[in-house]
Amino acid sequence: MPVTRISRFGLVNAYLVEEDDGLTLIDTMLPRSADAILKAAGGRKIARIALTHAHGDHIGSLDALAEQLPGVEVLISSRDARLLAKDKTLGPEERDGKLRGGYPGAKTRPTREVAAGERVGSLEVVASPGHTPGHVAFLDTRDGTLYCGDAYSTLGGVATTAKVNPRFPLPAAATWHRPTALESAKALRALDPSRLAPGHGKVVDSPAREMDAAIARGAG
Ligand SMILES: [Zn+2]
């Protein structure tokens, strides 16, 4: 499958994934990105929007898109759905970490809350908490492309969010719980993805070696 990456300034990404019934949009980037996303779709139907997590640079154009795409499905994990609704309370088992980064919320409510192992078209939902409590990645079961949200970034080199990458500190600085993020990075590596398609940075083919190095740095 071709990977369709939409990027603002090379910094923030969204992706379009082809399915039989239309496109799945993964993440919505910053506010005022709706036009760029619709242009990239080129008139093809966006059937659903799947969100990796509730940070503002991933949900920023959700409301604008939902307005322009009547009937679009909106999917997010049940945990991050609370953040999308601006509920920033942490459960007792979550208080080891601290919510960091922007959670502006959205008016749009999810039409479906997804959990690990469920399918979104050809994509399998993979739990990858740590960056946010309910972060999920999406694995394209047809070709092994892993849409990893902010579990890894590739800007300034492949990195986990378990440790600040001095060349692009933002994702780790906005991470809720770094030890959990490291465990999730390992779990995603174990999927042996053919391609890593992150929220920030370029798509990396055959990323195994670089993911291993990122995990080693994250644990250091
Ligand atoms: Zn994030």
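So, here is what we can say about the structure in this document. (Residues numbered from 1 in each chain as written. Predicted model: local features only at pLDDT ≥ 70, side-chain atom pairs only at ≥ 80, totals over all residues. Heavy atoms only, no water.)

**Here we look at the overall build of the protein**
Stage number 1. Helix and strand content of the protein: 7 helices and 14 strands.
Stage number 2. A compact globule built from 220 residues would reach a C-alpha radius of gyration of about 17 Å, and the protein, at 16 Å, matches this within 12%.
Stage number 3. Projected onto the principal axes, the alpha-carbon positions of the protein cover approximately 45 × 40 × 35 Å.
Stage number 4. Relative to its 220 residues, the protein shows a buried fraction of 54%. (Helix = DSSP H or I, 4+ residues; strand = E, 2+ residues; numbered from the N terminus. Rg over C-alpha atoms; globule rule 2.2 N^0.38 Å. Buried < 20%, exposed > 50% of the residue type's maximum accessible area, 1.4 Å probe, protein only.)

**Notes on the pairing of strand 4 (residues 46-50)**
Stage number 1. Among the 5 residues in strand 4, 5 count as buried, and that is most of the element.
Stage number 2. Pairing geometry for strand 3 (residues 22-26) and strand 4, over 4 bridges, is parallel. Across the sheet, Ile26 pairs through a bridge with Ala50, a residue of strand 4.
Stage number 3. Handedness of the crossover joining strand 3 and strand 4 through helix 1 (residues 34-41) is recorded here as right-handed.
Stage number 4. Pairing analysis gives 3 bridges linking strand 4 to strand 5 (residues 73-77), with the strands arranged parallel. Its bridge partner being in strand 5, Ile49 is matched across the sheet by Val74. (Pairing = 2+ DSSP bridges. Right-handed = clockwise from strand over helix to strand, strands pointing away.)

**A word on the side chain of His131**
Stage number 1. Tracing the backbone through its elements, the reader meets His131 in the loop between strand 8 (123-127) and strand 9 (136-140).
Stage number 2. Within the local environment of His131, its side chain forms a polar contact with the side chain of His53, the two groups lying 3.4 Å apart.
Stage number 3. A polar contact is formed between the side chain of His131 and the side chain of Thr175, at a distance of 2.9 Å.
Stage number 4. Not counting the four nearest positions on each side in its chain, His131 is found in contact with His53, His55, Tyr103, Asp150, Thr161, Pro171, Ala174, Thr175, Trp176 and Ala181. (Polar contact = N/O pair within 3.5 Å; in protein donor to acceptor, adjacent residues only side chain to side chain. Contact = heavy atoms within 4.5 Å.)

**Quick notes on the sheet that holds strand 9**
Stage number 1. Spatially, 6 strands are ordered 7-8-9-10-13-14 in an open sheet, and the strand pairing comes out mixed. Edge strands, defined here as strands with exactly one partner in the open sheet, are strand 7 (119-120) and strand 14 (204-205).
Stage number 2. In terms of strand pairing, strand 13 (residues 195-198) meets strand 14 through 2 bridges, oriented antiparallel. Residue pairing for strand 14: Leu196 is matched across the bridge by Val204.

**Topic: helix 1**
Stage number 1. Every buried residue of helix 1 is listed here: Ala34, Ile37 and Ala41. Burial along helix 1 is one-sided: seen end-on, the buried residues are contained in an arc of 65°. Relative to its buried face, helix 1 has exposed residues pointing more than 90 degrees away, namely Asp35 and Lys39.
Stage number 2. On its buried face, helix 1 is in contact with strand 1 (4-8), strand 2 (12-19), strand 3, strand 4 and helix 3 (62-68). (Arc of directions from axis to C-beta.)

Read these as spatial facts, not as claims about activity.
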